[in-house]
Amino acid sequence: MEWWFYTGIAAASYMFVVIYLHLRHPEKHLNWGNIELSDVDFPPTFSWGVATASHQIEGNNHNNWTQFEVSQNLEISGLTCDHWSRWKTDFDLVENLGVGHYRFSLEWSRLEPEEGEWDQGAIEQYSMMIDNLIERKIEPMVTLHHFSHPVWFEAKGGFAKAENIDYWVRFSEKMFSVLGWKVKWWCTINEPAVFASMGYVLGEFPPGKRSFGLTRSVSLNLMRAHARCYRALKSLPGGEDAQIGLVKNINIFDPYRRWNLLHWIQAKLLDEMFNQCWLRSLRTGKFRPPSSIFSRKIDGLRGSSDFIGVNYYTHLLTTPFMPTTVEIDPLKRPWEERTDFRYPMYAEGLRRSFDMVNSLNLPIIVTENGVADDDDDMRPEHIRRHLWITSQAIRDGLDIRGFYHWSLMDNFEWAEGYTQRFGLYHVDYQTQERTLKDSGKLYAEYIAKSKMPQVVVLAGGLGSRLGGMTKATPKSLIEVDGKPILSHILDWAHGQGCKDALILIGHLGEKFDGFSHRGMNLQFVKENQPLGTGGAIWNARQYLADEFILLWGDDYHPIDYKRLVKHHRDNRQRLTMTVIESHDTQNLQHAENRVIAYSKSKIDENFNGYEAGTSVVQKSVVESCGHTGSWSWEETVYPQLSGQIHAYIDETKFWDMGTPDRLAKLEKFLKRNRS
Ligand code: BGC
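In this numbering scheme, every chain counts its residues from 1 along its sequence in written order. Only residues with pLDDT of at least 70 get local features here, since the model is predicted, and only at 80 or more are side-chain atom pairs given and counted; chain-wide, interface and lining totals rely on the full set of residues. The basis for the side-chain values is all heavy atoms of the structure; hydrogens and waters are excluded.

J.: Explain the sheet that holds strand β4 (residues 185–190) to me, please; I cannot follow it from the model alone.
T.: Where strands meet in a sheet, backbone hydrogen bonds hold them as pairs that are either parallel or antiparallel. Only strands joined by at least two bridges in the DSSP assignment are considered to pair. Here a helix means four or more residues in a row that DSSP labels H or I, a strand means two or more in a row labelled E, and each is numbered from the N terminus. Taken in spatial order, the 8 strands line up as β1-β2-β3-β4-β5-β8-β9-β10 and close into a barrel, and their pairing is parallel. Here the strands of the sheet are splayed against their neighbours by 30 degrees on average, with no regard to which way each runs. Axis lines are fitted to C-alpha atoms, over the contacting stretch for helices. Their N-to-C directions set the angle, which ranges from 0 to 180 degrees.

Structure follows, in structure tokens:
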């Protein structure tokens, strides 16, 4: 054969491979200018959070990092945000954002400063911090290892030695036994691939080594440690109920030149080393550390995560000659904008990260996403894009449960010191003053929009048609299918994402003594004498939120609150009433989505609907229509607002339990629903 024949075959094969890779692994870029970024939709139960890590905010630590800062002549972390003494006011900042979740790490070097010596004071402080978060209705998510550990552990060789894993697992067990009963969410190790590559390949993190052999051992030991920790915590009391997961940083690697096979090889190699081998190991239980060709079985690794935490920041464009130091700018596409960290903003990569981890078949939580942006001119867009991507992925059916913004406030950014500001709050390190940035306000707006309003339940009414049963017991406390109807109502509200409920308990208030509902914050308001439905609401006006969902305490109405609230907000009326058309009787007339007539007692031939029970009310309605004394909400407010009430038509069956017959029907329905 002629030389040109072989050359032709080689060229054709090359092209075939490159075209195949190009089509199989597209580098998605969206035209952001054409996207309506406000078109987002998050489930009412979505967990909104912010994240931090101990060494980056607490101040005055003594650990592997402080040692490294000195030995490498890096910026010294020092007081950082002085969070260890300012935690309470910092939690005000968390609370002010409206988030319901907060991720932070426990500083092992504080808790066990010397091998086997526990600092009781530090344990108590963390415990107090957690209590404080819970009091504020903020769920703590605790990370057990976020890059820092005690000096004595580092001196023993840290995670480079398999025998040292015991120390960290013992620490984790101890923390879980003290805090496990109040903390549900646990992250074992933060970003094992970053810890291994930065500390043992690039030498930018402690211990500042550059050795493939060590990288291999550290990586293997980190996954062994994770698996052992997961199994150990699961077997402790409370372990079964805890949600324990690994936090994985996903870096997307794309070839710089898509026709260059060498760039592809580099991208695939790095993807394998940085992402795939770690994720695969959770699926299969076998781990092939980066820089190793052999895979090893790790006991207990398979299935050792209840959720997968995704930390996502950027994509990297690969060539065989990539810079390994941060002094040289990484490559980027011409249209991409650089963050202060010099890598580009690439929100499309978050979706690719979701698709990548989705193969694990686990709930996904974005445990970190944010941007270094000193003047806060890029962060708002960064938030908008990444939340849009998240919302789209949820719409496409991916099981994404929450989003933790990195970070609550500016802090010590490891090897970069104080140069990189990731916070939603600006921190003045001279005065320790914190100031909310515009991006922080924006994030808070997203949360406020997706939050379910307060639920107000008229629970004090006595039933005349239920005979002796409700002479002295409010109808809402009558048991159906094993528990009071009120508990069923609150179950539904909670499942729809409501967290706060105001229960108007009438004048027989003591009947509600000891009543509580898991996961909900209940407030009870009693009347001195019977005030009727309107009087009860007026009587509680100081506790009403500006917008609330009003429910009747003897109606079970399982409708989609999210849609209802969205309609209410979109239509900008002060009262939205749910109207059912297929009911056997009618008590209102509606036209063009407005309720124009209502009567409780007389039936009008123009009536074409029935009030189904659930409504959304602006507090201003109570203020303008209400007065002291006894009065009926429906008979006062509905006629007064006639023509201005938004009618939300929904045919979901509602269950009122005014008669023994209806009570029996509801019982049957609930039983059937349960089985
Ligand atoms: C780390 C954080 C860090 C952030 C920003 C993540 O990889 O978990 O500690 O501050 O990236 O670089």
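That shown, we press on.
J.: Looking at this structure, how should I read the pairing of strand β22 (residues 594–598)?
T.: Taken residue by residue, a regular strand's side chains alternate between the two faces of the sheet. Relative to β22, strand β21 (residues 588–591) runs antiparallel, the two being bridged by 4 bridges. Within β22, the position partnered with His590 by the bridge is Val595. Joining the antiparallel neighbours β21 and β22 is a turn of 2 residues, in which Glu592 adopts a positive phi near 45 degrees. Pairing analysis gives 2 bridges linking β22 to strand β24 (residues 645–649), with the strands arranged antiparallel. Bridging across to β24, Arg594 finds its partner in His646.

J.: Would you mind showing me how to read helix α3 (residues 64–71) here?
T.: Think of an α-helix as 3.6 residues a turn; residues three or four steps apart then line up on the same face. Turning to α3, its buried residues number three or more, namely Asn64, Trp65, Thr66, Phe68 and Glu69. Contact partners of the buried residues in α3: α2 (54–57) and α7 (151–155). By the N-cap criterion, in which a side-chain oxygen at the helix start approaches the backbone nitrogen of a residue two or three places on, α3 is capped by Asn63, the distance to Trp65 being 2.9 Å. Directly beyond the C-terminal end of α3, a positive phi value near 60 degrees is found at Asn73. Between buried and exposed lies partly exposed: a residue is buried under 20% and exposed over 50% of the maximum accessible area for its type, with that area taken using a 1.4 Å probe on protein chains only. Two residues form a contact once any of their heavy atoms are found within 4.5 Å. What qualifies as a polar contact is a pair of N or O atoms within 3.5 Å, subject to a donor-acceptor requirement within protein and to the restriction that residues adjacent in sequence count only when both atoms come from side chains.

J.: Can you help me understand the packing of aromatic side chains in this one?
T.: Any two aromatic rings considered together are summarised by their centre-to-centre distance and by the angle between their planes. Within 6.5 Å between ring centres, the rings of Phe, Tyr and Trp (the latter by its six-membered ring) count as paired, and their orientation is classed by plane angle as stacked under 30 degrees, edge-to-face over 60, tilted in between. Applying the stated criterion to the full structure yields 42 aromatic pairs. Plain terms: the ring middles of Trp108 and Phe171 are 5.1 Å apart, the flat faces sit at 20 degrees to each other, and that makes the pair stacked. Taken together, the residues Trp108 in helix α5 (residues 108–111) and Phe171 in helix α8 (residues 165–179) connect sequence positions 63 residues apart. By relative accessible area, which is 0% here, Trp108 ends up buried. Members of the aromatic cluster, each reached through a chain of ring pairs, are Trp108, Trp118, Trp152, Phe153, Phe159, Tyr167, Trp168, Phe171, Phe195 and Tyr200.

J.: Even after reading the chapter, I still don't get the sheet that holds strand β16 (residues 500–504), so can you show me in this structure?
T.: Pairing in this open sheet of 9 strands is mixed, and the strands run β17-β16-β13-β18-β23-β20-β24-β22-β21 from one edge to the other. This sheet does not close on itself; its edge strands, each paired only once, are β17 (521–525) and β21. Taking the axes of each pair of neighbouring strands and ignoring which way they run, one obtains an average angle of 30 degrees across the sheet. Taken together, the 5 bridges between strand β20 (residues 575–580) and strand β23 (residues 610–618) define a ladder with antiparallel strand orientation.

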